[in-house]
Amino acid sequence: MTQQPEKEAIITVENLEYAYCDFKAVDGIGLTVKKGEVFSFLGPNGAGKSTVINALITLLSLQKGKATVAGYDVSRDPQKVRESIGIVFQEITLDRDMTVWEILEFHGKLYSMPRNERRIRIEELLDLVQLRNKRDIRTKYLSGGMKRRLEIARGLMTRLKVLFLDEPTIGLDPQTRMRMWDYIRKVNKEGTTIFLTTHYMDEADMLSDQISIIDNGRIIITGTNWQLKNTLGQDIIYLETSDNIAAIQLLRTLPSVKDATKKFRGILVSVHKDGTKVLPKIIERLRENGISIDTVNLKKPSMDDVFVYYTGKEIRDDPPGKNGTLTHRPGGS
Amino acid sequence: MNYGFANIYWRDMIRFVRFRTMLISSLLQPALWLAFFGIAMSSSFDSLMSGVPVPPGAHAVGYLTFMAAGIIAMTTLFTSLFGGMIILFDKNWGLMREILASPMPRDHVILGIGLSGVTKSFIQATIIMVFGILIGVGFFVGFSAAEIALAVAGILIFVAVFALGFLFLSAGIAISMETPEGMQGIITLLTMPIFFASNALYPLDAFPAFLKVLSTYNPMTLLINGIRYFAIGDDFVAIGKHYVYTTGDIVFSFAGLVVFALVMYGFARWRFSKAVVT
């Protein structure tokens, strides 16, 4: 059996630090993204994601550490880095007084795309984001969702080595999000490495080859989606009991229980084995100790659970155009 | 070769044409200056100076003709200093992130804005000249068609270099500023001394010595020298003063403007290299 050759790294970050005055936004981050991967960078607001991206796309000068993109040092060869990357920004960055077509044309010219290629790609993208009938409308007359779709179309205009997508599908309806995922996969299959930040955990789960979770300026864990889920144990059991504090202490003594933490009105229990086999033992032990159970739910760990477990925070969706807000998990770290 | 500057130019001209209020006001403002200030002042000055003898070889011009060159320069100054404002808006609205993160060399932003600013100044200067002649400005008197074409070309070249200098300065300020109010304050601060310490409205002879030196090398004065040379001639009398421009004077004025534009380009490049837009 032949061994698969190790893919070469296309993004490397070593010991990156960045501070805004006294506030350290990034505190010694290191990561490697391999060529052809979809890499997701997850973290709550203020975790340092945008600072890392801004440093990688050369909008911020490095204060400490080293980073390379597409083989070029971001400090020494920023121009070469810029020639290798495309970006979809989190914020709406459209000229209100240019039409949809002009926005795409301007962007294509910024990247020196040949005229024919530019025009063909614009037509293709107008169909993809369903803005063909708006092509001559100024962007100030578009709805929030349409603006977002246009931003994505703009980011997908070029076929570069690395595409940075900063919360690309924020504010989009589910159907459009799925179409975008398909297109992102297509772009990725054509050879573009994707560096994605998102607060939609299902998006990270569906698209990513590798995921890093960042919080307080540091990477907490990196792995594939299944590796990250496995760190939480095989199954997740949610219980609401008459005495959650006592139940947590009790369950932590069970060998089949990996961890038990308080969440909302109940307890989140991660287990080492098949949850269906562990659950009867848990119920029995709680009853033996006079703790009654009001609610039971058993499920496989999701990326949401992974995120909540490692950051102690939960992301809820906000209205279109806004960032996710964070809710501290009761009893979370 | 990268033609990114042409892309920046294209976008800025789209905006110029679409902002009808800005377009119309920028074209009307110099005409109004000429019509109200020029005509009012020329009535007073011309009656005061009517008895001043004209040396042989020279010709007398009215105040309206004298100050028309100043109005072209003033309009170009204002337009150019405000020309960089788009960069500040782009910076604040996030558009500059798209541009700075693209492979287009950053100095093309400066060049593109410079080019569109020069185009706007050309349009304004042409309108002032045409409107001025209609209301009695004595430009190109006795010139043949070929001489007029040459003179207009000369004026526009002077206007272009002067405009570029102030557009580069404006771009450099814009990329360094955070708010439009701050930029507006700096522009106002710059405009007053540049305009009034020049020969736009009056001769420099009566200035105190230090101000006279400053005014002689003021880019505004250098531009006005060029405009008057090409539009009025090299030997004329206006508001009681005999003006004689030699070829050397005009070459000096032009060289001064070129140096000014190059220094301002260096300033803008330096500011862009330090720009942090997040």
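Keep in mind that what you see is a predicted model, and the values were worked out from it rather than measured.

**A short note on the domain arrangement of chain A**
No. 1: Domain boundaries assigned for chain A yield domain 1 (9-228) and domain 2 (234-300).
No. 2: A separation of 40 Å is found between the C-alpha centroids of domain 1 of chain A and domain 2 of chain A.

**Looking at helix H6 (residues 174-189) of chain A**
Residue and element names in this part refer to chain A.
No. 1: Between its first and last C-alpha, H6 extends 22 Å over 16 residues, near the 22 Å set by a 1.5 Å rise per residue.
No. 2: Listing the buried residues of H6 in full gives Thr-176, Arg-177, Met-180, Trp-181, Tyr-183, Ile-184, Val-187 and Asn-188.
No. 3: Each element contacted by the buried residues of H6 is listed here: strand S3 (38-42), helix H4 (115-128), helix H5 (144-155), strand S7 (162-166), strand S8 (193-197) and helix H7 (201-207).
No. 4: Where H6 terminates, the next one or two residues include Gly-191, which has phi positive at roughly 115°.

**Digging into the sheet that holds strand S12 (residues 257-263) of chain A**
Residues and elements named next belong to chain A.
No. 1: Reading across from one edge, S12-S13-S11-S14 is the order of the 4 strands in this open sheet, with antiparallel pairing throughout. If you trace the sheet from one side to the other, it starts and ends with S12 and strand S14 (293-299), each paired once. Taking each pair of neighbouring strands and ignoring which way they run, the sheet shows an average axis angle of 20°.
No. 2: Strand direction decides the pairing type here: strand S11 (residues 235-241) and S14, joined by 6 bridges, are antiparallel. The residue bridging Glu-240 from the neighbouring strand is Thr-295, located in S14.

**Re empty space enclosed by the protein**
No. 1: All told, the structure shown has 6 cavities of 30 Å³ or more when counted by the stated rule.
No. 2: The calculated volume of the largest cavity comes to roughly 80 Å³.
No. 3: As for the largest cavity, its lining consists of 11 residues, and the residues nearest its centre are Ile-236, Thr-261, Leu-268, Ser-270 and Tyr-309 of chain A.
No. 4: Counting only elements with at least two residues in the lining of the largest cavity, the list comes to S12, strand S13 (266-271) and helix H11 (303-311) of chain A.
No. 5: Each residue belonging to the lining of the largest cavity can be placed in one class, and the counts come to 6 nonpolar, 2 polar and 3 charged.
No. 6: Its boundaries defined by the atoms lining it, the second largest cavity holds a volume of some 60 Å³.
No. 7: What lines the second largest cavity is Ile-8, Arg-11, Asp-12, Ile-86, Ile-87, Asp-90, Met-96, Ile-99, Val-109 and Ile-113 of chain B.
No. 8: Those elements giving two or more residues to the lining of the second largest cavity turn out to be helix H1 (4-18), helix H4 (85-93), helix H5 (95-100) and helix H6 (107-135) of chain B.
No. 9: Among the residues forming the lining of the second largest cavity, the class breakdown is 7 nonpolar, no polar and 3 charged.

Reading the values: the criteria
- Residues numbered from 1 in each chain as written.
- Chains lettered and ligands numbered in written order.
- Predicted model: local features only at pLDDT ≥ 70, side-chain atom pairs only at ≥ 80, totals over all residues.
- Heavy atoms only, no water.
- Domains from an automatic or database assignment.
- Helix = DSSP H or I, 4+ residues; strand = E, 2+ residues; numbered from the N terminus.
- Expected span 1.5 Å × (residues − 1).
- Buried < 20%, exposed > 50% of the residue type's maximum accessible area, 1.4 Å probe, protein only.
- Contact = heavy atoms within 4.5 Å.
- Pairing = 2+ DSSP bridges.
- Axes fitted to C-alpha atoms, helices over the stretch in contact; angles between N-to-C directions.
- 1 Å grid on protein atoms, 1.4 Å probe; cavity = no way out; pocket = protein on both sides within 12 Å on 5 of 7 lines; lining within 4 Å.
- Points joined across faces, edges and corners; volume = space filled by probe spheres on them.
- Nonpolar A, V, L, I, M, F, W, Y, C, P; charged D, E, K, R; others polar.

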